[in-house]
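Survey of secondary and tertiary structure
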Amino acid sequence: MAHKIVRKRKLAHLVHEFVIEAPLIAEHAKPGHFIVVRIHEKGERIPLTIADTYKDDGTFKMIVRAVGKSTYELCMMKEEDELLDVVGPLGKPSEIENYGRVLLIGGGVGIATLHPIAKALYEAGNEIYSILGGRSKEYVIMEEDFKKYGEVLVTTDDGSYGMKGLVTDGMEHLVKEKSLNFDVAWAVGPTVMMKFAAFKGKELGIPKMWVSLNPIMVDGTGMCGACRVTVGGEIKFACVDGPEFDGYQVEWDEIIRRMNQYKEREKIALERFLEKVGDVSWL
Amino acid sequence: MALKIPPKKTPMKEQPPEERRKNFFEVALGYTPEEAIAEAQRCLTCPTKPCVKGCPVHIDIPTFIKHIKQGDFQGAIDTIKLYNNLPAACGRVCPQENQCESQCVVGRIPGSEPVAIGRLERFVADWEAEQGEVKLPEIKEKKGKKVAVVGAGPSGLTAAADLAKLGYDVTVFEAFHKPGGVLVYGIPEFRLPKKIVEREVEYIKKLGVKIVTNAVVGKTIPVDELLNEYDAVFIGVGAGAPKFIGVPGTNLNGVYSASEFLTRVNLMKAYLFPEYDTPVTVGKKVAVIGAGNTAMDAARTALRAGAEKVMIVYRRTEKEMPARLEEYHHAVEEGVEFHWLRQPIEYVGDENGNVIGVKCAVMKLGKPDDSGRRRPVPTGEEDFLEADMVIEAVGQQAQRILLDEFPQLERNKWGYIEADLETGATSVKGVFAGGDIVTGAATVIEAMGAGKKAAKAIDRYLSGEWNPWND
Ligand SMILES: Cc1cc2nc3c(=O)[nH]c(=O)nc-3n(C[C@H](O)[C@H](O)[C@H](O)COP(=O)(O)OP(=O)(O)OC[C@H]3O[C@@H](n4cnc5c(N)ncnc54)[C@H](O)[C@@H]3O)c2cc1C
Ligand code: SF4
Ligand code: FES
């Protein structure tokens, strides 16, 4: 069954928001879940996180950043176009409870993944502080959404908006200058950001930090082991044991290395694709 | 017996090894009608039908072969389809040497090979497909009862087809985007062309079975909903999860499970990258760990995908190897190297974390273990095999995604579903299971056999004749 793109909107250069028709996913998805998309018959299986669900009209939201051939192709699709396969919700949901005071750290499109978690933690009665980081102003998405749940601190690499610096500088600011103690934290964003957020969180004495890993996946259902990561010295399959893990226990360098496995091939695929489709500066 | 039975099976044409090792086309090319009739004439039509006893789904072998002898290919395929809904696949991948053909009377004659039952099955199934319209069997009047099947592998598809023929409304839920189970993501194109699997799946759809892909039961469809909405459920989710030996270096770049490698190549067609989007990086020197059928498939696939040298690394010897002899011979002919009595103890990587070789303990055979095979024991020596890709094919385990969401369902000590082997009945009322998820990794035909038995039991249960849960 094909899945219609009901709405699509550009959030930033190469970052697009989609609302997809998928009643079963809308009905059953919980915060932390992800989906796997295949655009067409020759497409690969692309894991993407669910940014929001709309049970009433049977749709869900996802935010995609064009990085490789498949995500470029996805971002070039239009409203009313159809995705060939959408499967999910996959993975284990986030552990939502009333922890007390929670710190949420989001970077880039990871902010979208963090959104349903923020909402659920808010509804569970937590006091929420969010740090949203981006390269520049344009890449800090969903700020208004997060403001609904608590205080938001924005950081940008170039200082074009909010505090100049990285999310770790933001963490330092909240914990040291504002003297806030956190009971738990979530960090979702580029792997390198999560790695440093985890180091910083440990240093600052935050008792636990969840991270949402996005290693290379094939099936997303525990049948291949492509997504294996080492957590606490044990091999885990991110698609069925995660994608959320204790950030203090993750072997970060291994993940970062494994994520680069197909870099050269991905480059070839993207170059060939861009040659074929021409100018994509509008994307 | 004064009959002159040619002692050897009528040979089947194959692509020559030096050609086929470079392409993904089917290795074995099938019989012509003349060859099929010649082979059928080797059958004695034994009234006691010993071969049938060797067949897990009890195909009436002498009868279908008799039809072939008479040139009545339609009669032959109709006979097979009374028992087997996937004949073109089974004719290709069944281990006939352990099943029907192992019981064949002709094979007992000294110096003589059994009748080539598998090749004949394949021939008539392919013949029917060439005729265009495939004949549909009789479908019983609708019973107005709904059965859900979880997993579109051989066990699920067989249960679904048999239940549809009996008049049930059957819906199959499949997690992947394509139905077929191991037939599409595991067994390579050159042994079982995917067109054939698609054809067999089309046939099952024509029987009225509804197949819903991208439906992960336990996730997309919660277990409770399934139990509420359907009168009975059959679970055939397979043993798809890969096992890793767990030696240091398992997470180096270039180390794969056979499941991942074969899924990338077979299901996602990574060998056609970049026309297809899924990549796979095949090394120049590939070490495949293990010597079962999956290992042979991975090794032969790696050759075809461009590896210069492919080595099978196995901790026992040729004699203990679990692979089918035929597949082993094919692998040898194609140039796969075999390193016996080598147990990997570490995958060694370079400074960038790419695998560069396998450190092995050199083994020797000691006393027999539980399986009756001699246990490999370390000699104390070590050996190093250079490899820029390692594929582990050391076994599978239960597919967890459904089981994790279905705690009421009892499992056995290996983590598989506890089910009655005769009926498939599980600990949960109205829920049946069969195939690899009950037995552990086995064969296509055994999974089908389990699906058939369960279909019969589900029919008896739903018509009120039998209820093992007694309430
Ligand atoms: C590489 C390889 C080569 C083999 N070669 C041979 C051979 O030559 N001959 C032979 O006889 N046997 C062979 N086998 C073994 C044989 O394929 C299996 O025994 C057989 O396929 C088992 O069938 P099944 O129906 O139990 O499970 P599977 O074929 O594993 O099918 C299970 C299906 O269930 C789906 N599924 C899992 N979880 C869910 C869920 N929660 N919701 C929905 N769907 C789900 C899976 O995606 C899959 O499609 C081979 C196996 C492998 C791996
Ligand atoms: S045992 Fe062999 S010879 Fe006898 S009926 Fe079966 S196939 Fe024919
Ligand atoms: S993606 Fe295949 S096991 Fe996780």
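Provided above is the structure to which this section pertains.
Here we summarise the structure given alongside this text. (Residues numbered from 1 in each chain as written. Chains lettered and ligands numbered in written order. Predicted model: local features only at pLDDT ≥ 70, side-chain atom pairs only at ≥ 80, totals over all residues. Heavy atoms only, no water.)

Let's shift gears to a negative patch on the surface. Taken together, E21, D56, D57 and E82 of chain A make up a surface patch of like negative charges. Note that D56 of chain A resides in the loop between strand 5 (52-54) and strand 6 (59-65). (Patch = residues over 30% accessible without salt bridge, like charges linked within 9 Å, V, L, I, M, F, W, Y side chains within 5 Å. Areas by Shrake-Rupley, 256 points an atom, 1.4 Å probe, with all protein chains shown as cover. Salt bridge = Lys/Arg side-chain N within 4 Å of Asp/Glu carboxyl O. Lys, Arg positive; Asp, Glu negative; His and termini not counted. Charge placed at Lys NZ, Arg CZ, Asp CG, Glu CD. Helix = DSSP H or I, 4+ residues; strand = E, 2+ residues; numbered from the N terminus.)

Taken together, 37 residues lie near ligand 1, and V93, S155, E174, R191 and D436 of chain B sit nearest. At the site occupied by ligand 1, the surrounding residues belong to chains A and B. Contacts to ligand 1 include D436 of chain B, whose backbone N or O atom sits 2.8 Å from an oxygen atom. A total of 1,000 Å² of accessible area belongs to ligand 1 in isolation, and the protein chains cover 97% of it. When residues of the shell around ligand 1 are traced back to their parent elements, those giving at least two are helix 10 (154-165), helix 11 (182-185), helix 15 (293-304), helix 17 (400-403) and helix 19 (444-462) of chain B. Its residues placed into classes, the shell around ligand 1 shows 22 nonpolar, 11 polar and 4 charged. (Near = heavy atom within 4 Å. Polar contact = N/O pair within 3.5 Å; in protein donor to acceptor, adjacent residues only side chain to side chain. Nonpolar A, V, L, I, M, F, W, Y, C, P; charged D, E, K, R; others polar.)

The subject of this paragraph is the interface of chain A and chain B. Facing 46 residues of chain A, the contacting portion of chain B comprises 44 residues. Approximately 3,900 Å² of surface area, both sides summed, lies buried where chain A meets chain B, with 52% of it carried by carbon and sulfur atoms. Among the residues of chain A in contact with chain B, K42, M223 and Y262 of chain A are the three that bury the most area, contributing 19% of the side total. Run the count over chain A and chain B and you get 4 salt bridges. K42 of chain A serves as the salt-bridge partner of E275 of chain B, at 2.6 Å between the closest nitrogen and oxygen. Where chain A packs against chain B, one counts 25 residue pairs in polar contact (both at pLDDT 80 or more). Contributions of two or more residues to the side of chain A that touches chain B are made by helix 1 (23-28), helix 2 (69-75), strand 8 (85-90), strand 15 (228-231), strand 16 (234-237), helix 7 (238-241), helix 8 (252-259) and helix 9 (263-277) of chain A. Ranked by residue count, the leading element in the side of chain A that touches chain B is strand 8 of chain A, at 6 residues. Partitioned by chemical class, the residues of the side of chain A that touches chain B number 16 nonpolar, 12 polar and 18 charged. (Contact = heavy atoms within 4.5 Å. Buried area = accessible area lost by both parts, 1.4 Å probe.)

Here we take up the sheet that holds strand 11 (residues 355-368) of chain B. Residues and elements named next belong to chain B. Read across the sheet, 3 strands follow the order 10-11-12 without closing on themselves; strand pairing throughout is antiparallel. What marks the edges here is a single partner per strand, and that holds for strand 10 (342-349) and strand 12 (374-386). Direction aside, the axes of adjacent strands within the sheet are offset by 20 degrees on average. Across 7 bridges, strand 10 lies against strand 11 in antiparallel orientation. Bridge pairing links Y347 to V358 in strand 11. (Pairing = 2+ DSSP bridges. Axes fitted to C-alpha atoms, helices over the stretch in contact; angles between N-to-C directions.)

The subject of this paragraph is the pattern of salt bridges. Residue and element names in this part refer to chain B. All chains considered together, the criterion is met by 55 salt bridges over all chains. Of the charged contacts, one joins K81 and E128 as a salt bridge, the two residues approaching to 2.8 Å between their closest N and O atoms. Taken together, the residues K81 in helix 5 (residues 73-81) and E128 in helix 9 (residues 117-130) connect sequence positions 47 residues apart. A salt bridge links E334 to R300, with the shortest nitrogen-to-oxygen separation between them at 3.0 Å.

Moving on, we get to helix 15 of chain B. Residues and elements named next belong to chain B. Taking 1.5 Å of rise per residue, 12 residues should cover 16 Å, and helix 15 covers 17 Å from first to last C-alpha, within 8% of that figure. Most of helix 15 is tucked away: 10 of the 12 residues are buried. For helix 15, every residue scored as buried is listed here: A295, M296, D297, A298, A299, R300, T301, A302, L303 and R304. Residue G306 follows helix 15 closely and has a positive phi angle near 115 degrees. (Expected span 1.5 Å × (residues − 1). Buried < 20%, exposed > 50% of the residue type's maximum accessible area, 1.4 Å probe, protein only.)

Once that is clear, we can look at the site of ligand 2. All names here are of chain B. Lining the immediate environment of ligand 2, one finds C43, L44, C46, P50, C51, P62, C104, V105, V106 and I117. Secondary-structure elements contributing two or more residues to the shell around ligand 2 are helix 3 (50-53) and helix 8 (105-108). For the shell around ligand 2, the per-class residue count stands at 10 nonpolar, no polar and no charged.

With that settled, consider the nonpolar core. All names here are of chain B. Residues I61, F64, I65, I68, V124 and F432 are the most contacted members of the largest nonpolar core, which totals 85 residues. For this core, the leading source of residues is helix 19, giving 9 residues. The residues touching V124, leaving out its near neighbours within four places in the chain, are F64, I68, F73, A76, I77 and I80. (Core = buried A, V, L, I, M, F, W, Y, C linked by side-chain atoms within 4.5 Å.)

Moving on: the packing of aromatic side chains. This model, assessed by the stated rule, comprises 21 aromatic pairs over all chains. Considering the side-chain rings of Y122 of chain A and Y149 of chain A, the 5.2 Å spacing of their centres and the 50 degrees angle between planes classify their relative orientation as tilted. Residue Y122 of chain A is located in helix 3 (residues 110-123), and its partner Y149 of chain A is located in the loop between helix 4 (143-147) and strand 11 (150-156); the two are separated by 27 residues in the primary sequence. Judged by relative accessible area, which is 40%, Y122 of chain A ranks as partly exposed. By relative accessible area, Y149 of chain A is classed as buried at 9%. Here F237 of chain A and F244 of chain B contribute two aromatic rings whose centre-to-centre distance is 6.3 Å and whose plane-to-plane angle is 85 degrees, an arrangement assigned as edge-to-face. Of this pair, F237 of chain A sits in strand 16 while F244 of chain B is found in the loop between strand 5 (241-242) and strand 6 (255-257), placing the two residues in two different chains. Residues F237 of chain A and F244 of chain B agree in their burial class; the two are buried. Three or more aromatic residues joined by ring pairs make a cluster, and in this case those are Y314, Y328, F338 and W340 of chain B. The ring of F190 of chain B has R304 of chain B sitting right over it, with the charged end atom 3.8 Å from the ring centre. (Phe/Tyr/Trp six-rings, centres within 6.5 Å; stacked < 30°, edge-to-face > 60°. Lys NZ or Arg CZ within 6 Å of the ring centre and 35° of its normal.)

Another point: the sheet that holds strand 3 (residues 34-38) of chain A. Residue and element names in this part refer to chain A. Pairing within the open sheet is antiparallel, and its 3 strands lie in the order 4-3-8. Only two strands of the sheet have a single partner each, and these edge strands are strand 4 (46-49) and strand 8. The mean inter-strand angle of the sheet, taken between neighbouring strand axes irrespective of direction, is 25 degrees. The pairing of strand 3 with strand 8 spans 4 bridges and is classified as antiparallel. If you follow R38 over to strand 8, its bridge partner there is D85.

With that settled, consider a nonpolar patch on the surface. Residues and elements named next belong to chain A. Residues V192, F196 and F199 make up a contiguous nonpolar surface patch of roughly 280 Å² in combined accessible area. Mapped onto the elements, V192 comes out in helix 6 (residues 191-203). For V192, a relative accessible area of 44% translates into the label partly exposed.

Turning next to the environment of S160 of chain A. Residues and elements named next belong to chain A. Here S160 lies in the loop between strand 11 and strand 12 (163-164). By relative accessible area, S160 is classed as partly exposed at 38%. Taking the C-alpha atoms as reference, S160 lies 5.6 Å from K137; in sequence the two are 23 residues apart. If we ignore the near neighbours within four places in the chain, the residues touching S160 are S136 and K137. A distance of 2.7 Å separates polar atoms of two side chains, one belonging to S160 and the other to D158.

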